[in-house]
Amino acid sequence: MLDKLRIVKQRFDEVSDLIIQPDIISDQKRYVKLNKEYKDLGAVMKVAEEYESLLNNINEAKEIIADGSDEEMVEMAKMELEAANERLPQLEDKIKFMLIPKDPEDAKNVMVEIRAGTGGDEASIFAGDLYRMYTKYCSDKGWKTSIVDVSEGTSGGFKEIIFSVEGEDVYGNLKFEAGVHRVQRVPQTETQGRVHTSAATVMVLPEAEEFDVQIDMKDVRIDYFCSSGPGGQSVNTTYSAVRLTHIPTGLVAQCQDQKSQHKNKDKALQVLRSRLYEMELAKKQASDAAKRKSMVSSGDRSAKIRTYNYPQGRVTEHRIGLTLYDLQNIINGDIHKIIEELKLAENTEKLKELGEVL
């Protein structure tokens, strides 16, 4: 462990020197990447200092016990040794997880797309519930959310809603939400009191920077149209909404949330860039999945990942067999425990690949 930490310290010192170099500061892409690495390595170094200090304490306590000349000191040393030996494996586990190579995508902002699936109006209402759940979770994390495009359901909720999320390590947390979410409950329109099953699909696209995906605007058809839905006379009567079609791939992105045509075009371009980036990422994940079968982030959009059962107040996370009887808090945004458990499962899997079985 100490040898690995020495290598980390060496890299930390290298990065500390690099991020103050003028040529690095002027290269925005490299500077952002190194700055993130500096922050991540700094967090490891903080835990490494505690680990080394603990090892020193253990050695000192052992020396005092071996000397045995001062009974009171020996008693204190024994207590300190016991506490240190209890803390040591916890720290070692923490360091092992921190040393797992980070996915470079994890630091990215995201575009989240929620689409109502099977279940008619009830599926649209459920898509609205999921949107509120995510915005509350994002608010708890201190992240900023912004609607990009929306298609409202006939009885509330959304047929489809796309929103962006900006903050720290957004994709690293929200990537686990991609897949099919299923709800079991009695719809408001149901007169017999029967439980119905509906579904909504969630897609989480890492937001692509301009230097990640180059789009040749000659390959993009631009259509302008009037916005639909709420927004007042100016929104509904001017051609402010923008639809972009990427001709080589057939991908379409649109935005009608902003009053300005220019802002809508920028947002739609952001969505298009993210979709193109996610397409390439999906290919990479598919080839990675062929090498290893990951139970957590397989990238399979059709996979049923979670069930929200209202009659039983139960939420079941199918990928890791986690069941929580706390539906009301979860649907109100408290998905922290689920995401942490999924992260732990993924990291444990990565550790096994690295030959470090906990």
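Look above for the structure.
All chains use their own residue numbering, which begins from 1 and follows the written sequence. For a predicted model such as this one, the threshold for reporting local features is a pLDDT of at least 70, and the threshold for listing and counting side-chain atom pairs is 80 or more; totals across whole chains, interfaces and linings nevertheless cover every residue. Note: side-chain values were computed over all heavy atoms of the structure, leaving out hydrogens and water.

A.B. asks: Please clarify how unusual backbone geometry should be interpreted in this entry.
C.D. replies: A negative phi holds for most residues other than glycine; trans holds for most peptide bonds. Despite not being glycine, D169 has its phi angle at roughly 50 degrees, a positive value. Strands are runs of DSSP state E lasting at least two residues, helices are runs of H or I lasting at least four, and both sets are numbered from the N terminus onward. Among the secondary structure elements, D169 is positioned in the loop between β3 (158-166) and α6 (170-174). For every residue, the accessible area (1.4 Å probe, protein chains only) is compared with the maximum for its type, and the residue is labelled buried under 20%, exposed over 50%, or partly exposed between those bounds. With a relative accessible area of 22%, D169 lands in the partly exposed category.

A.B. asks: Quick question: what am I supposed to make of the pairing of strand β7 (residues 241-246) here?
C.D. replies: Taken residue by residue, a regular strand's side chains alternate between the two faces of the sheet. Most of β7 sits inside the fold, with 5 of its 6 residues counted as buried. Sheet topology places strand β6 (residues 220-225) next to β7; 6 bridges connect them, and they run antiparallel. By the bridge assignment, D223 is partnered in β7 with R243. Two strands are counted as paired when DSSP detects at least two bridges linking them. Pairing geometry for β7 and strand β8 (residues 251-255), over 5 bridges, is antiparallel. Looking across to β8, one finds that R243 is bridged to Q254. Between β7 and the antiparallel strand that follows it, β8, lie 4 residues; G250 among them carries a positive phi value of about 80 degrees.

A.B. asks: Would you mind going over the environment of S198 with me for this structure?
C.D. replies: Assignment of secondary structure puts S198 in strand β5 (residues 196-206). Separated by 71 residues in the primary sequence, S198 and A127 have C-alpha atoms spaced 9.8 Å apart. We call two residues in contact whenever any of their non-hydrogen atoms come within 4.5 Å of each other. In this structure S198 touches T118, G119, E122, A123, H181, R182 and V183, once residues within four positions along its chain are discounted.

A.B. asks: What exactly am I supposed to notice about the pattern of salt bridges here?
C.D. replies: A side chain with one charge can pair with a side chain of the opposite charge if their charged atoms come near. Any Lys or Arg side-chain nitrogen located within 4 Å of an Asp or Glu carboxyl oxygen qualifies as a salt bridge. Across all of its chains, the model carries 23 salt bridges by this definition. Notably, a salt bridge pairs E346 with K175, separated by 3.6 Å at the nearest N-O pair. Within this pair, whereas E346 is found in helix α10 (residues 336-353), its partner K175 is found in the loop between α6 and β4 (179-185), the two being separated by 171 residues in sequence. Linking D216 and K218 is a salt bridge whose minimum nitrogen-to-oxygen distance equals 3.6 Å. Residue D216 is classed as partly exposed on the basis of its relative accessible area, which comes to 35%. Beyond isolated ion pairs, a larger network of salt bridges with shared partners links E113, R115, E160 and R275.

A.B. asks: How do you make sense of the sheet that holds β6 when you look at a structure like this?
C.D. replies: Where strands meet in a sheet, backbone hydrogen bonds hold them as pairs that are either parallel or antiparallel. Across the sheet, 3 strands lie side by side as β6-β7-β8; this open sheet has antiparallel pairing. Edge strands, defined here as strands with exactly one partner in the open sheet, are β6 and β8. Ignoring which end each strand starts from, the neighbouring axes of this sheet average 15 degrees apart. Helix axes use the C-alpha atoms of the stretch in contact, all axes being lines fitted to C-alpha atoms, and the angles between their N-to-C directions lie in the range 0 to 180 degrees.

A.B. asks: What's the story with the packing of helix α1 (residues 2-18) against helix α3 (residues 28-67) in this structure? I'm lost.
C.D. replies: Packed helices, taken two at a time, are described by the angle their axes make and the gap between the axes. Where α1 contacts α3, the two axes come as close as 9 Å, and the packing angle between them is 140 degrees. When the interaxial angle is binned, α1 and α3 end up oblique. For the crossing formed where α1 meets α3, the hand is left-handed. Taking contact as the criterion, the partners of L2, L5, V8, K9, R11, F12, V15, S16 and L18 in α1 are, on α3, R30, L34, E37, Y38, L41, G42, V44, M45, A48, Y51, E52 and L55. Any residue outside Ala, Val, Leu, Ile, Met, Phe, Trp, Tyr, Cys, Pro, Asp, Glu, Lys and Arg is labelled polar, Gly included; the first ten of those are nonpolar and the last four are charged. Residue composition of the contact of α1 with α3, by class: 14 nonpolar, 2 polar and 5 charged. Should an angle fall under 35 degrees it is called roughly parallel, over 145 degrees roughly antiparallel, and 65 to 115 degrees roughly perpendicular, with every other angle called oblique. Definitions for this section: a left-handed crossing has its near helix turned counterclockwise from the far helix by less than a right angle. A right-handed crossing has that turn clockwise.

A.B. asks: What's the story with the sheet that holds strand β10 (residues 314-317) in this structure? I'm lost.
C.D. replies: A sheet is described by the order of its strands in space; here 8 strands give the open sequence β2-β3-β1-β5-β4-β9-β10-β11, paired in mixed fashion. Each end of this open sheet is capped by a strand with a single partner; those strands are β2 (144-152) and β11 (322-324). Each strand of the sheet is rotated relative to its neighbour by a mean of 15 degrees, with strand direction disregarded. Across 4 bridges, strand β9 (residues 304-309) lies against β10 in antiparallel orientation. Bridge pairing in β10 links T307 to T316. Of the strands in this sheet, β9, β10 and β11 are in contact with α10, which crosses β11 at around 165 degrees.

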